[in-house]
Amino acid sequence: MERRLAAIVCADVAGYSRMMGSDEAGTHAAFKAHRAAIHPIILNHGGRVVKNTGDGFLLEFPSIVGATEAAIAMQTLMVERNHHLPADRAMQFRLGIHMGDVIADEDEVFGDDVNIAVRLESVASPGGFAISAKAYREASKHLTARLTDAGNHRFKNIKDPIGVFTWMPDGAPALAPELREASALSQQYRTAIVGVLPFANLSDAQDEYFSDGLTEDLIHALSLQSFYRVLSRNSTFAFKGKNTSTRLIAREIDATYLIQGSVRRAGAKIRVTAELIAPETGEQLWTGRYDRDIGDFFAMQDEITTNLSAAIATEIVRAEASAPARLSTDVSAWDRFLKGLSHYYRQTKEDLATAVELFREAIRLDPKLSIAHAYLATIQIQSIQFGWVKGTREMWAEAMNLAETSVRLDPRSSFAFSILSWAHAMEGHYEAAMDAAKRAVALNPYDNGARGVLGICHFVIGEHREAIELFSMAAQRDNSDPRYQWAALNAFSHYLLRQYDATLSWAREQLYINPNHMQALAIRAAALAQMGRSGEASEALGVLMGNYPTLNVDRHLRNFHWKRSEDLAHYREGLLKAGVPLGKLTLVQSDVKRAAES
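Rules behind the numbers
Residues numbered from 1 in each chain as written. Predicted model: local features only at pLDDT ≥ 70, side-chain atom pairs only at ≥ 80, totals over all residues. Heavy atoms only, no water. Helix = DSSP H or I, 4+ residues; strand = E, 2+ residues; numbered from the N terminus. Buried < 20%, exposed > 50% of the residue type's maximum accessible area, 1.4 Å probe, protein only. Contact = heavy atoms within 4.5 Å. Areas by Shrake-Rupley, 256 points an atom, 1.4 Å probe, with all protein chains shown as cover. Lys, Arg positive; Asp, Glu negative; His and termini not counted. Charge placed at Lys NZ, Arg CZ, Asp CG, Glu CD. Pairing = 2+ DSSP bridges. Expected span 1.5 Å × (residues − 1). Salt bridge = Lys/Arg side-chain N within 4 Å of Asp/Glu carboxyl O. Phe/Tyr/Trp six-rings, centres within 6.5 Å; stacked < 30°, edge-to-face > 60°. Lys NZ or Arg CZ within 6 Å of the ring centre and 35° of its normal. Axes fitted to C-alpha atoms, helices over the stretch in contact; angles between N-to-C directions. Parallel < 35°, antiparallel > 145°, perpendicular 65-115°, else oblique. Left-handed = near helix turned anticlockwise from the far one by under 90°. Arc of directions from axis to C-beta. pLDDT = per-residue confidence, 0-100. Core = buried A, V, L, I, M, F, W, Y, C linked by side-chain atoms within 4.5 Å.

Trainee: Would you mind going over the overall build of the chain in detail, with residue names and values included?
Mentor: The secondary structure content of the chain amounts to 25 helices and 14 strands. Overall, the chain is about 105 × 60 × 45 Å in size when its C-alpha atoms are taken along their principal axes. For the chain, the proportion of its 598 residues judged to be buried stands at 54%. Look at the contacts in the chain between residues 6 or more apart in sequence, and 66% of them connect residues 24 or more apart. In the structure as shown, the chain presents an accessible area of about 27,100 Å², 51% of it carried by carbon and sulfur atoms. Averaging the coordinates of the 64 positive side-chain charges in the chain and doing the same for the 71 negative ones gives two points 4 Å apart.

This is the structure we're talking about:
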């Protein structure tokens, strides 16, 4: 054995399992062809192939400058080779680069610095590379390419955080210079690390591609969330087929949560089961089962992936919000945010007021914490809709400002664009609302909240059938996320289509979740009145006015900016039929009371 200073490059192919599943022979042949094409580049920069893996390779270079220049040349060549290929056949490498002391033995290389290169590959974007700050400082003196500072990352068994710089070929989407610091900063807040273990194939060996493809799709879908970090397939597929406890796996890859599951196929049907666990305690946080007809194979796989990611993403946020507070005297913005989130999930008037103060404190500690702005905007809008605060112009202006700030700080957040769209919709800015909602869906096609907010855009312009379809889809896949009130929205859409029975069903559903939901109570009373069920409408009115004694029609409708005047007129009619006061009541003191006070 010998020790020597070396530069290490680790590579894998993004989406390899799915490509193999759809065309095993063609994918393998394409991979070999690409590897042969880039081999001269490796040699021209003084490098050597240490070993080839199923979907990647490990390289050693005597110079970090040579390693980095080779990485740029390889990825540039791959852009050319992929240029004329359809998107589903384009093959993109992810590269991790580091330099340091390695142990060489029989042409293999080992050591912590090799492991760091492997870890860096997991945070590289497809088609680009991630390089450690240590290596970048050495190479940058001789490079003309511009790299982006991606902040510090923590890796398993590495004592200190590793500074990371990233590179993408020209023409690839990149952050504007003024947003790089915010993006790097957001990494340190994503304290939860999620590992998706390869789903077990319980059918014949030829179905292995489906379980692997589903796992990889789920990794991709979850990685589009900005709240936590998802480990790459390389980190978790190493445990495929091994009988290792989840606790040991989590410690090895430094995962806060693990997702595991199985796939069973029987004829034309397929069953997928999955569970989310906290490995240190062994607690099962969520479990789900999906039975589907195979039909359109890829459509079925996308549907399962969407359902899984929607349910799991919500449960991870909920688990983080309920986690015990850290024992530390160093109060950070993230601590305040998580504490506020724990109160937000309780959905009471008092808890939302507490959450508001904690989110404001988080923003004071760190004005660049985008997610705190988004949640604070959400509470502002919901508090008005619940009837817990008066909807003043100042409050609506603040909600809009918070939503716009959240998007500016994190322009890759689907949630931020969803809240911006919601704020625009509530203010009657129909085109701006639709644009923001479509941007949210484009950023994360698996985000059911974004699709539901797109439904709000259809709702406010009077396209109620389209809205119902989107609201129902969102409610079916995820009806436990308090950020969105799909049942109440569905109740309103059905009311405006004069489908009052459905209105009552959805209002009842919303009131199960929040018995004091003002809008659900109001639409229930209006629907009963429109149906001529005067006795029940009177009882519903009593509950509504008992909870909100100052409510009147004029004040209530000031917060509704629907495009169709006939929609507003129909809702107004129902409220008046139910007996909701038209305007503010003026209380006249009796002569006796006046005499007593004189």
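Trainee: Before we move on, can you summarise the pairing of strand S4 (residues 93–105) with the specific residues and values?
Mentor: Judged by how many residues are buried, S4 sits mostly within the fold: 10 of 13 residues are covered. Bridge count between strand S1 (residues 2–13) and S4: 12 bridges; the pairing is antiparallel. Bridge pairing in S4 links Cys10 to Gly96. Here S4 runs beside strand S6 (residues 129–132); their pairing, made up of 3 bridges, is parallel. Paired with Leu95 across the bridge in S6 is Phe129. Where S4 meets strand S5 (residues 108–110), 3 bridges bridge the pair, whose relative direction is antiparallel. For Ala104, the partnering residue across the bridge sits in S5 and is Val109.

Trainee: Please provide a residue-by-residue account of helix H11 (residues 333–344), values included.
Mentor: Here H11 spans 16 Å end to end across 12 residues, near enough to the 16 Å set by a 1.5 Å rise per residue. The buried fraction of H11 is high, at 10 of 12 residues. By the burial criterion, the buried members of H11 are Ala333, Trp334, Asp335, Phe337, Leu338, Gly340, Leu341, Ser342, His343 and Tyr344.

Trainee: I'd like to hear about the pattern of salt bridges, residue by residue, with values.
Mentor: The full count for this structure, using the stated rule, is 18 salt bridges. Here Glu121 and Arg94 are joined by a salt bridge, their closest N and O atoms 3.6 Å apart. Here Glu121, found in helix H4 (residues 112–122), pairs with Arg94, found in strand S4; they are 27 residues apart in sequence, far enough to count as distant. Note that Asp293 is salt-bridged to Lys269, the shortest N-O span being 2.7 Å. Here Lys269 lies in strand S13 (residues 269–278) and Asp293 lies in strand S14 (residues 283–293), a separation of 24 residues in the sequence. Several salt bridges converge on common partners, so that one network encompasses Glu2, Arg4, Arg48 and Glu60.

Trainee: Summarise the packing of aromatic side chains; cite the residues concerned and give the values.
Mentor: Centre distance and the angle of the planes are the two values used to describe a pair of aromatic rings. The tally for this structure, following the rule as stated, stands at 23 aromatic pairs. Measuring from centroid to centroid gives 4.9 Å for Tyr484 and Trp486, while their planes differ by 15°, and the two rings are stacked. A single burial state applies to Tyr484 and to Trp486, both of which are buried. Every member of this aromatic cluster is reached through a ring pair, and the members are Trp334, Phe337, Tyr344, Tyr345, Phe359, Tyr375 and Phe415. Between the NZ or CZ atom of Arg483 and the centre of the ring of Phe415, over which it lies, the distance is 4.4 Å.

Trainee: Outline the packing of helix H21 (residues 518–530) against helix H22 (residues 534–547), supporting the account with residue identities and numerical values.
Mentor: H22 packs onto H21 with a crossing angle of 160° between their chain directions and a minimal axis gap of 8 Å. In this view, H21 runs roughly antiparallel relative to H22, as classed from their interaxial angle. Here the hand of the crossing between H21 and H22 comes out left-handed. Contacts between H21 and H22 involve Met518, Leu521, Ala522, Arg524, Ala525, Leu528 and Ala529 from the former and Glu536, Ala537, Ala540, Leu541, Val543, Leu544 and Asn547 from the latter.

Trainee: Which residues make up helix H9 (residues 246–253), and what values do they have?
Mentor: Buried within H9 are the following residues: Ile249, Ala250 and Ile253. Down the axis, H9 shows its buried residues gathered within 100° of arc, on one side only. In the stretch just after H9, Asp254 is the one whose phi turns positive, near 60°.

Trainee: So what's going on with the environment of Leu409? Which residues, and what values?
Mentor: Structurally, Leu409 can be placed in helix H14 (residues 393–409). For the pair formed by Leu409 and Thr68, sequence separation is 341 residues and the distance between their alpha carbons is 30 Å.

Trainee: Before we move on, can you summarise the pairing of strand S12 (residues 257–266) with the specific residues and values?
Mentor: By the bridge criterion, 3 bridges tie strand S9 (residues 193–196) to S12 in an arrangement that is parallel. What sits directly across from Val196, in S12, is Ile259. Bridge analysis of strand S10 (residues 200–201) against S12 gives 2 bridges, and the strand direction is parallel. Within S12, the residue paired with Asn201 across the bridge is Val263. When S12 meets S13, the two strands line up antiparallel, connected through 9 bridges. Paired with Gln260 across the two strands is Glu275, which belongs to S13. Linkage of S12 to S13, two consecutive antiparallel strands, is achieved through a turn of 2 residues, within which Gly267 is found at a positive phi near 60°.

Trainee: Describe in detail the environment of Leu541, supporting the description with residues and values.
Mentor: Positionally, Leu541 belongs in helix H22. On the basis of relative accessible area, Leu541 is assigned to the buried category, the value being 15%. As for Leu541 and Ala529, which are separated by 12 residues in sequence, their C-alpha atoms are 9.7 Å apart. Leaving out residues up to four positions away in the same chain, Leu541 has contacts with Ala525, Ala578, Gly579 and Val580.

Trainee: Residue-level account of the confidence of the model for the chain, with values.
Mentor: Predicted confidence across the chain gives a mean pLDDT of 83, with 90% of residues reaching 70 or more. Low confidence marks residues 172–190, where pLDDT is under 50. Its contacts with residues over four positions away, or in another chain, come to 30 contacts. Predicted confidence is poor over residues 586–598, with pLDDT under 50, and the contacts of this stretch with residues over four places away or in other chains come to 2 contacts.

Trainee: Tell me about unusual backbone geometry, and name the residues and values.
Mentor: In this model, Gln347 sits at a positive phi of 55°, which is unusual for a non-glycine residue. You can see Gln347 is positioned in the loop between H11 and helix H12 (349–365). One non-glycine residue with positive phi stands out, namely Arg498, at about 65°. Mapping Arg498 onto the fold places it in the loop between helix H19 (486–496) and helix H20 (500–513). Accessibility expressed as a relative area gives 52% for Arg498, which makes it exposed.

Trainee: Give a description of the nonpolar core that names residues and reports values.
Mentor: Judged by nonpolar contacts, the single largest core of 127 residues is most densely connected at Phe199, Leu308, Phe337, Leu341 and Tyr571. Leave out the neighbours within four places in its chain, and Leu341 touches Phe227, Val317, Ala321, Phe359 and Tyr375. Formed by 36 residues, the second largest nonpolar core is a distinct cluster that contains Leu59, Val65, Met78 and Leu147.

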